[in-house]
Protein chains: 2
Amino acid sequence: MGAPTVTFFFEIASTYSYLSVMTADAEAEARGVSLIWRPFLLGPIFRAIHGVMDSPFNAQPEKGRYMWRDVERRATRLGLPFRRPSTFPRNPLLAARVSCGALREPSGKEVVRAIYRANFAEGRDIADEATLRAIVAEAGADPDRLLEAARSEAIKAELRANTEEARVLGIFGAPSFVVGEELYWGSDRLHDALDHALGV
Amino acid sequence: MGAPTVTFFFEIASTYSYLSVMTADAEAEARGVSLIWRPFLLGPIFRAIHGVMDSPFNAQPEKGRYMWRDVERRATRLGLPFRRPSTFPRNPLLAARVSCGALREPSGKEVVRAIYRANFAEGRDIADEATLRAIVAEAGADPDRLLEAARSEAIKAELRANTEEARVLGIFGAPSFVVGEELYWGSDRLHDALDHALGV
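Here the structure is a predicted model, which is why all the values come from computation and not from measurement. (Residues numbered from 1 in each chain as written. Chains lettered and ligands numbered in written order. Predicted model: local features only at pLDDT ≥ 70, side-chain atom pairs only at ≥ 80, totals over all residues.)

Here's the deal with the environment of Glu148 of chain B
Heads up, the rule is: Per the convention used, a helix needs a DSSP run of H or I reaching at least four residues, while a strand needs a run of E reaching at least two, with both numbered from the N terminus.
Tracing the chain through its elements places Glu148 of chain B in helix α8 (residues 143-150). Sequence separation of Glu148 of chain B and Gly101 of chain B is 47 residues, and the distance between their C-alpha atoms is 9.4 Å.

Take a look at the structure:
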């Protein structure tokens, strides 16, 4: 038997996913749990639930105001740089497909972290292909290969399958953590998911 | 100077408020912080935000399913009994007014806890006046006096003022914790509010 696992569903454009992408592995590893990283898209799920693809943080200004302040506070506590993107949410499609391809390689998590850092700390437009290529190269991966993979049917199908799996699991926001039948929503709920994976 | 304070906004019909009403005082006292209990109504706030008074947990079945499982899990971890009410949300108006009056007396928090226990652990209808009277009596308070107070203009005005203050503070859910300009939403965010109150 290997280490206990928790499946970590994250969305490229999601603010709280940024917090988890940057910190969740360290927290899980410290407890001997392995995280399985699964990029997915919230747009199709929001459309199914709310009838629109846009973020509920835009549709509900009260919740949006709270979220921006809360993410900034939490980033500060975690020692993470944070700058509110000029456009929210960024179109995540190409970056999510690049992430799917990247995660097939050892440097994958570094590529994903670089994409989040660009979006949420560096004010860069990750929906722009030239920008995305530069981010991938800075993370030490090959932009030509990852962009070509991102356009392959295999990667497109993988992202669609991740999204469909998230929907079937009852996921309605990101990040979400899954252990067996149990779903945990939110960056601050990883602790509970780890407890459950460890039978604590 | 007295102890640092955190204002604790709770809603009678709110599931996560149950968790906080039962546990928040102990957590705050352990850190030398005093909680100021403020009952308010979410209905008017939901109506202003969503256009309907009903709980978003009913309007969004995915979120509702998650919430019932999550509250049950968290209650178990906190050692609290939990039984899903047959009607959700219960009409909180009379119980919220009774709570406002009760909190003017030393036994107030026990009355409020008894109301939550009745709703979320004992399957009793707290919107029913006879039931509410029995709950108040069981908590050691005087039902005649508290029900009379609940119908007074002073108590009605107090609950309206609490609700209006919550709205102005940007509160959109319960429980919420307020420290100066900072708002923390959710039973699991008391820790952050206490940190902020203590300047940690």
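On we go from here.
Some points on the sheet that holds strand β1 (residues 5-10) of chain B
Residues and elements named next belong to chain B. Convention followed: Here a strand pair is declared whenever DSSP counts at least two bridges between the two strands. In this analysis an axis means a line fitted to C-alpha atoms, helices contributing only their contacting stretch, and an angle means the value between N-to-C directions, from 0 to 180 degrees.
Here four strands make up an open sheet; going across it, the order is β2-β1-β3-β4 and the pairing mixed. Edge positions in the sheet fall to β2 (34-39) and β4 (182-185), since each has one partner strand and no second. When the angles between neighbouring strand axes are averaged without regard to direction, this sheet yields 25°. Of the pairings in the sheet, the one linking β1 to strand β3 (residues 176-179) comprises three bridges and is antiparallel in character. Residue pairing for β3: Phe8 is matched across the bridge by Phe177.

Some remarks on the interface of chain A and chain B
To be explicit about the condition: For the purpose of contact definition, each residue receives a C-beta atom placed from its backbone, and two residues are in contact when these atoms lie within 7 Å.
Of the residues lining the interface, 11 residues belong to chain A; the matching set on chain B comes to 11 residues. Those elements that provide at least two residues to the side of chain A that touches chain B are α4 (61-78) and β4 (182-185) of chain A.

What to know about the confidence of the model for chain A
Our working rule: Note: pLDDT gives the predictor's confidence per residue, expressed from 0 to 100.
Confidence in the prediction of chain A, expressed as mean pLDDT, is 96, and 100% of residues score 70 or more. Listed scores for the predicted complex are pTM 0.95 and ipTM 0.91.

Section: the relation of the copies chain A and chain B
Test applied: Overlaid copies result from least-squares superposition on C-alpha atoms, with residues included only where pLDDT is at least 70 in both.
Of the two same-sequence chains, chain A is brought onto chain B (RMSD 0.0 Å, axial shift 0.0 Å) by a rotation of 180°. On the angle and the small slide along the axis, the relation comes out as a two-fold axis. Within chain A, the C-alpha atom positioned nearest to the axis of rotation is that of Asp188 of chain A, 4.3 Å from it. In this assembly the copies share their binding face: 100% of the residues contributing to the interface of chain A also contribute to that of chain B.

Let's talk about helix α9 (residues 153-168) of chain B
All names here are of chain B. Our working definition: Here a helix's expected span is defined as the number of its residues, less one, multiplied by 1.5 Å. Our exposure labels follow a C-beta count within 10 Å of each residue's own C-beta, placed from the backbone: buried means 20 or more other C-beta atoms, exposed means 12 or fewer, and partly exposed covers the counts in between. When we speak of the arc, we mean the arc of directions from the helix axis to the C-beta atoms.
Along its 16 residues, α9 runs 22 Å from first to last C-alpha, staying within 8% of the 22 Å computed at 1.5 Å per residue. Of the positions making up α9, those classed as buried are Ile155, Leu159, Thr163 and Ala166. Along the long axis of α9, the arc covered by the buried residues comes to 75°, so they all point the same way. Exposed residues on α9 whose side chains face more than 90 degrees from its buried face are Glu153, Ala154, Ala157 and Val168. Tucked into the core, α9 has its buried residues touching β1, β2, α2 (43-50), α5 (93-102) and α8. Phi turns positive one or two residues past the end of α9, at Gly170, with a value near 90°.

With respect to the packing of helix α5 (residues 93-102) of chain A against helix α6 (residues 108-120) of chain A
A pair of packed helices is captured by two measures, namely the crossing angle of their axes and the spacing between those axes. Residues and elements named next belong to chain A. This is how the line gets drawn: Orientation categories follow fixed angle ranges, with anything under 35 degrees roughly parallel, anything over 145 roughly antiparallel, 65 to 115 roughly perpendicular, and all other angles oblique. Each crossing is labelled by how the near helix is turned from the far one, with a counterclockwise turn of less than a right angle marking it left-handed and a clockwise turn marking it right-handed.
Remark: α5 packs on α6, axes separated minimally by 8 Å, with the N-to-C direction vectors making an angle of 160°. Here α5 lies roughly antiparallel to α6, going by the angle between them. In this structure, α5 meets α6 at a crossing whose hand is left-handed. Contact with α5, carried on its side by Ala95, Ser99 and Ala102, involves Gly108, Val111, Val112 and Ile115 of α6 and no other residues of that element.

Quick word on the sheet that holds strand β3 (residues 176-179) of chain A
All names here are of chain A. Read across the sheet, four strands follow the order β2-β1-β3-β4 without closing on themselves; strand pairing throughout is mixed. Where the open sheet ends on each side, the last strands, each with one partner, are β2 (34-39) and β4. Neighbour-to-neighbour, the strand axes of the sheet open up by a mean angle of 25°, direction not taken into account.

Observations regarding the pairing of β2 of chain B
All names here are of chain B. Using the following cut-off: We call a crossover right-handed when, viewed with both strands directed away from the observer, the connection leading from the first strand over the helix to the second proceeds clockwise.
Across six bridges, β1 lies against β2 in parallel orientation. Residue pairing for β2: Phe10 is matched across the bridge by Pro39. Regarding topology, helix α1 (residues 15-30) serves as the crossover connection from β1 to the parallel β2, and that connection is right-handed.

Structural notes on the environment of Leu159 of chain A
Residue and element names in this part refer to chain A. Of note, Leu159 is situated in helix α9 (residues 153-168). Given 21 C-beta atoms within a 10 Å radius, Leu159 is considered buried. A sequence separation of 20 residues divides Leu159 from Ala139, and the C-alpha atoms of the two residues are 21 Å apart. Once residues within four sequence positions are removed from consideration, Leu159 is found in contact with Pro39, Leu41, Ala96, Arg97 and Cys100.

What to know about unusual backbone geometry
Of the consecutive residues Phe88 of chain A and Pro89 of chain A, the connecting peptide bond is found in the cis state with omega at -10°. Along the chain, the position of Pro89 of chain A falls in the loop between α4 and α5.

Let's talk about helix α10 (residues 190-197) of chain B
All names here are of chain B. Among the residues of α10, Leu190, Asp192, Ala193, Leu194 and Ala197 are the ones counted as buried. Lining the buried residues of α10 we find β1, α1, β3 and β4. Positive phi shows up at Gly199, right after α10, with a value of about 70°.

Some words on the packing of α5 of chain B against α9 of chain B
Residues and elements named next belong to chain B. The test is simple: Residues were grouped as follows: Ala, Val, Leu, Ile, Met, Phe, Trp, Tyr, Cys and Pro as nonpolar; Asp, Glu, Lys and Arg as charged; and all remaining residues, including Gly, as polar.
Packing of α5 against α9 leaves a shortest axis separation of 9 Å and a crossing angle of 105°. One way to sum up the angle between α5 and α9 is to call them roughly perpendicular. Residues Ala96, Arg97, Cys100 and Gly101 of α5 form the contact with α9, whose own contacting residues are Ile155, Lys156, Glu158 and Leu159. Here the residues of the contact of α5 with α9 sort into four nonpolar, one polar and three charged.

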